[in-house]
Amino acid sequence: VLGVTTAEGRVCRGMEAKFRQIHRFVELLDPLLVAAGLKGDAAASAGALEPLRLVDMGCGKGYLTFAAHEHLGRESRRPVRTRGVEVRPELVEAGNRHVRECGVEGLEFVAGAIAEQAVGPADVLVALHACDTATDDALAAGIAAGARLLVVAPCCHREVRPQLRPPPVLEPVLRHGILRE
């Protein structure tokens, strides 16, 4: 329903890179969950019957949100509650429609800016490619929510970048745009 794979499970033409990205993210998430004590023997021996709470900030179309939710539901030995946060209401609407169409339990999308979200308690907070200072807002939200695992990859910093002043020794190198980025 997301357009990444066909009903038969084959990767859709033109979505190969997205499929690899999603697969790699899930692959990287597992050892992080184990290290944070949210998956594996430590979590199981602690009697972790409470839902594992995942928040995906700046989730876009929800590709990674759906994949992480599905994977955690299969692998964590506990219920999963996932919330995708996205500023564009049309993507939130589409995500919630896909949740209903597929009958996915415990997954919801909400509209709003990352800085304005009341995250509540969370175990895992993800923010991949949240633009400008939204990654910083997501980190602050994750810390405030008591998340044991924060997985972030900053995007651009259009707001902050013009304010950066390199030390004199780096000025010649950083005059080139690609290196400054």
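Since we're looking at a predicted model, the values are computed, not measured.

Before we move on, could you go through the packing of aromatic side chains and cite the residues and values that matter?
Two aromatic rings, taken as a pair, are described by how far apart their centres are and by the angle between their planes. Per the stated rule, a full pass over the model turns up one aromatic pair. When the ring of Phe66 is compared with that of Phe109, the centres are 5.6 Å apart and the planes differ by 35 degrees; the resulting orientation is tilted. Taken as a pair, Phe66 in helix α3 (residues 63-75) and Phe109 in strand β3 (residues 107-111) lie far apart in primary sequence, 43 residues in all. We classify Phe109 as buried; its relative accessible area is 4%.

Before we move on, can you summarise the environment of Ala145 with the specific residues and values?
Turning to its location among the elements, Ala145 is positioned in the loop between α5 (134-144) and β5 (149-153). Since its relative accessible area comes to 13%, Ala145 is described here as buried. When neighbours within four sequence positions are excluded, Ala145 is seen to be in contact with Val119, Gly120, Pro121 and Ala122.

So, the state of the cysteines: which residues are in play, and what are the values?
One pass over the structure, following the stated rule, counts zero disulfides. For the unlinked cysteine Cys102, the closest cysteine sulfur is that of Cys12, found at 13 Å.

Definitions and limits used
- Residues numbered from 1 in each chain as written.
- Predicted model: local features only at pLDDT ≥ 70, side-chain atom pairs only at ≥ 80, totals over all residues.
- Heavy atoms only, no water.
- Phe/Tyr/Trp six-rings, centres within 6.5 Å; stacked < 30°, edge-to-face > 60°.
- Helix = DSSP H or I, 4+ residues; strand = E, 2+ residues; numbered from the N terminus.
- Buried < 20%, exposed > 50% of the residue type's maximum accessible area, 1.4 Å probe, protein only.
- Contact = heavy atoms within 4.5 Å.
- Disulfide = S-S within 2.5 Å.

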